[in-house]
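In case you want the letters, here they are:
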Amino acid sequence: MTPHAVNVHPLVSPWGRFGLYSFFIDAPEPAVVDTGIASSPADGMIPALEAIGRRIEDVRWILLTHGHIDHIGGAHALWELTGRRAQVVIHEADAPMLRSRRAHVDEYLAGRGQYLGDPDGEARVTAATHAVISGEMEPTLLVRGGETLSLGGGVEVSVHPVPGHTPGSVAYVIDGQRSVFTGDAVQVHGAANGFPGYTDPAAYRSGLEYLRDEVRPRHLYLGHPYRRADGTPYGVELDAAQAREAIDQSLAIEARAGAAACDCLRSGLQETDSPYSPFAPAAEALGYTGDPTLEPSPFLTTMHGYRTQHDQTS
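Cut-offs used in this document
- One numbering rule holds for all chains: residues counted from 1, following each sequence as written.
- Two thresholds apply to this predicted model, a pLDDT of at least 70 for residue-level local features and 80 or more for giving and counting side-chain atom pairs, whereas whole-chain, interface and lining totals are computed over all residues.
- Excluding hydrogens and water, the side-chain figures rest on all heavy atoms present in the structure.
- A strand pair is defined by DSSP finding two or more bridges across the two strands.
- A run of H or I in DSSP counts as a helix once it spans at least four residues, and a run of E counts as a strand once it spans at least two, with each numbered from the N terminus.
- Crossovers are described as right-handed under a simple rule: with the strands pointing away from the observer, the path leading from the first strand over the helix to the second runs clockwise.
- The cut-offs for exposure are 20% and 50% of the maximum accessible area for each residue type, with area from a 1.4 Å probe on protein chains only; residues under the lower value are buried, those over the upper are exposed, and the others partly exposed.
- Any two residues whose heavy atoms approach within 4.5 Å at even a single point are treated as in contact.
- Expected span of a helix, by definition, is 1.5 Å for each gap between consecutive residues, and there is one gap fewer than residues.
- To be clear, the arc concerns the directions from the helix axis to the C-beta atoms.
- Angles shown run from 0 to 180 degrees and are taken between the N-to-C directions of axes, each axis being a line fitted to C-alpha atoms and, for helices, limited to the stretch in contact.
- Definition of nonpolar core: a set of buried residues of the types Ala, Val, Leu, Ile, Met, Phe, Trp, Tyr and Cys, connected through side-chain atoms within 4.5 Å.
- Any angle that is under 35 degrees is reported as roughly parallel, and any over 145 degrees as roughly antiparallel; angles of 65 to 115 degrees are reported as roughly perpendicular and all others as oblique.
- The handedness criterion is simple: a crossing whose near helix is rotated anticlockwise from the far helix by less than a right angle is left-handed, and one whose near helix is rotated clockwise is right-handed.
- Residue polarity follows a fixed list, in which Ala, Val, Leu, Ile, Met, Phe, Trp, Tyr, Cys and Pro are nonpolar, Asp, Glu, Lys and Arg are charged, and the others, Gly among them, are polar.
- Each aromatic pair joins two rings of Phe, Tyr and Trp (for Trp, the six-membered one) with centres within 6.5 Å, and gets the label stacked for planes under 30 degrees apart, edge-to-face for over 60, and tilted for any other angle.

Peer 1: Just to check I follow, could you spell out the pairing of strand E11 (residues 219-222) for this structure?
Peer 2: When a strand is regular, its side chains alternate between the sheet's two faces. Of the strand pairs in this sheet, strand E10 (residues 179-183) and E11 are connected by four bridges, and their pairing is parallel. Each bridged residue has a counterpart across the sheet, and for Ser179 the counterpart in E11 is His219. With respect to chirality, the unit in which E10 leads through helix H8 (residues 201-215) into the neighbouring parallel E11 is right-handed. Bridge analysis of E11 against strand E12 (residues 237-239) gives three bridges, and the strand direction is antiparallel. Within E12, the residue paired with Tyr221 across the bridge is Glu237.

Put into structure tokens, the structure is as follows:
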């Protein structure tokens with residue numbers, strides 16, 4: 001049990017249409033959850049930590065919720081700023097994304113890239129990985145879920161697998177106060193692109209149910225200001241009631257998206273001129289009118305997830 005409440009401070013840095021959020025756990029061995037992109041440690045974290053009387057050099061844990069570039073991009077830079085003393089933690093399934101820029105390109109080509117019809121897509125994603133990932137590196141600690149990390153002074157953080165958004169998505173929980181960091185595992189109705197993104201629908205749903213029924217967050221920290229059904233954003237710090245609402249809404253939109261995708265798949269995919277092709281009927285059924293080409297292309301990523309699930313079970 002945590003002997004006293006541990007303070008958590010959001011650290012925000014801008015990136016295009018998104019705010020990139022990391023979180024500082026003010027423990028005896030301080031931790032940063034997620035690292036933004038290459039510029040985030042210097043441009044966002046250093047001044048934010050100085051403002052609360054803390055130093056980036058003293059960070060001893062870098063806890064990565066998953067392997068996407070806007071969460072691991074600053075990991076190598078932050079690790080260097082700690083004198084390479086911090087432990088860099090990631091789930092083994094997402095570790096390739098930390099080790100290799102090329103892994104992000106391969107993910108694009110295997111998923112949403114199939115539908116975008118962008119002849120420059122591979123080059124564009126390759127350039128992005130070089131621009132926003134500060135360095136390829138080997139994690140210092142691989143987790144699978146079930147581990148407990150000691151941050152000193154009786155502060156313990158437990159690791160919980162919540163795959164779906166990515167295969168290696170995890171939640172970190174400050175034990176004793178149920179402060180839960182989920183990265184992008186709770187999508188609600190999506191962020192800037194207005195649609196939730198996940199690669200494995202069944203795993204995403206199971207992870208949400210696990211968070212709701214077993215973890216029961218008292219404080220929930222989101223990777224982005226995800227939006228409610230009416231488009232209004234949550235903050236990134238949710239209390240217990242807001243956390244339950246966000247998880248329930250995430251499950252509700254997953255059920256709707258799943259029903260629309262399955263109807264589309266049962267009818268047979270049709271290539272059309274629609275930017276949502278071959279999932280245009282699903283977009284219409286869901287009333288989705290966003291731009292499916294904007295990264296991270298959550299509509300096409302998610303529909304491909306349902307297609308993969310359908311192919312595996314049929």
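Peer 1: Explanation requested: the side chain of His189 in the structure shown.
Peer 2: Relative to the helices and strands, His189 resides in the loop between E10 and H8. You can call His189 buried: its relative accessible area is 18%. Not counting the four nearest positions on each side in its chain, His189 is found in contact with Gly194, Phe195, Pro196, Arg227, Arg228, Ala229, Gln249 and Ile253.

Peer 1: What should I look at first to understand helix H7 (residues 121-132) in this one?
Peer 2: Think of an α-helix as 3.6 residues a turn; residues three or four steps apart then line up on the same face. Taking 1.5 Å of rise per residue, the 12 residues of H7 would be expected to cover 16 Å, and the 16 Å separating its terminal C-alpha atoms lies within 8% of that figure. Taken residue by residue, H7 has Gly121, Val125, Thr129 and Val132 as its buried positions. Within H7, the buried residues cover an arc of 90° as seen down the axis, which keeps them to one side. Exposed residues on H7 whose side chains face more than 90 degrees from its buried face are Ala123, His130 and Ala131. Those residues of H7 that are buried lie in contact with strand E1 (8-15), helix H2 (69-72) and helix H5 (102-110).

Peer 1: Teacher, can you tell me more about the sheet that holds E10 here?
Peer 2: Sheets are built from strands paired through backbone hydrogen bonds, the pairs being either parallel or antiparallel. On the basis of which strands lie adjacent, the open sheet formed by six strands has the order E7-E8-E9-E10-E11-E12 and mixed pairing. Of all the strands in the sheet, just strand E7 (148-150) and E12 have a single pairing partner and so form its edges. Neighbour-to-neighbour, the strand axes of this sheet turn through a mean angle of 25°, independent of strand direction. Of the strands in this sheet, E11 and E12 touch helix H9 (residues 240-267), which is tilted by about 100° from E12.

Peer 1: Help me out: how do you make sense of H5 in this one?
Peer 2: Listed in full, the buried residues belonging to H5 are Ala103, His104, Val105 and Tyr108. Residues of H5 that are buried make contact with H2, helix H4 (95-99), helix H6 (113-116) and H7.

Peer 1: Just checking my understanding: could you explain the nonpolar core for this structure?
Peer 2: A general feature of soluble globular proteins is that nonpolar side chains tend to end up buried together. Among the nonpolar cores identified, the biggest contains 43 residues, and Val186, Leu211, Phe299 and Met303 are the most heavily contacted of them. Excluding residues that lie within four positions of it along the chain, Leu211 makes contacts with Val162, Ala171, Val180, Thr182, Val186, Arg216, Pro217 and Ile247. Counting residues in each nonpolar core, the second largest holds 24 residues, with Met45, Ile62, Leu98 and Ile133 among its members.

Peer 1: Help me understand the side chain of Thr302 in this model?
Peer 2: Position of Thr302 among the secondary structure elements: in helix H11 (residues 298-313). Taking relative accessible area as the criterion, Thr302 reaches 0% and is therefore assigned buried. For Thr302, the residues in contact, after removing those within four places along its chain, are Phe195, Pro196, Gly197 and Tyr198.

Peer 1: Can you walk me through the packing of H8 against H9 in this structure?
Peer 2: A pair of packed helices is characterised by two quantities: the angle between their axes and the separation of those axes. Close contact between H8 and H9 brings their axes to 10 Å; oriented N to C, the two are set at 155°. By the angle between their directions, the pair H8 and H9 is classed as roughly antiparallel. Crossing hand, H8 versus H9: left-handed. From H8, Pro201, Tyr204, Arg205, Leu208, Glu209, Leu211 and Arg212 reach across to H9, where they touch Arg244, Ile247, Asp248, Ser250, Leu251 and Glu254. Broken down by class, the residue content of the contact of H8 with H9 amounts to six nonpolar, one polar and six charged.

Peer 1: Even after reading the chapter, I still don't get the pairing of strand E9 (residues 170-174), so can you show me in this structure?
Peer 2: For E9, the tally of buried residues reaches five of five residues, placing the bulk of the element in the interior. Of the two faces of E9, both are covered, the one formed by Val170, Tyr172 and Ile174 as well as the one formed by Ala171 and Val173. Where strand E8 (residues 156-161) meets E9, five bridges bridge the pair, whose relative direction is antiparallel. Bridge assignment links Pro161 to a residue of E9, and that residue is Val170.

Peer 1: Teacher, can you tell me more about the packing of aromatic side chains here?
Peer 2: Considering all chains together, one arrives at 11 aromatic pairs under this definition. On the numbers, 5.2 Å between centres and 65° between planes, the contact of Tyr115 with Phe279 is edge-to-face. Taken as a pair, Tyr115 in helix H6 and Phe279 in the loop between H9 and helix H10 (280-286) lie far apart in primary sequence, 164 residues in all. Side by side, Tyr115 and Phe279 carry an identical accessibility label, which is buried. Considering the side-chain rings of Tyr276 and Phe299, the 5.5 Å spacing of their centres and the 80° angle between planes classify their relative orientation as edge-to-face. On the criterion of sequence distance, the pair formed by Tyr276 in the loop between H9 and H10 and Phe299 in helix H11 is long-range, its members being 23 residues apart. Tyr276 sits in the buried class, given a relative accessible area of 13%.

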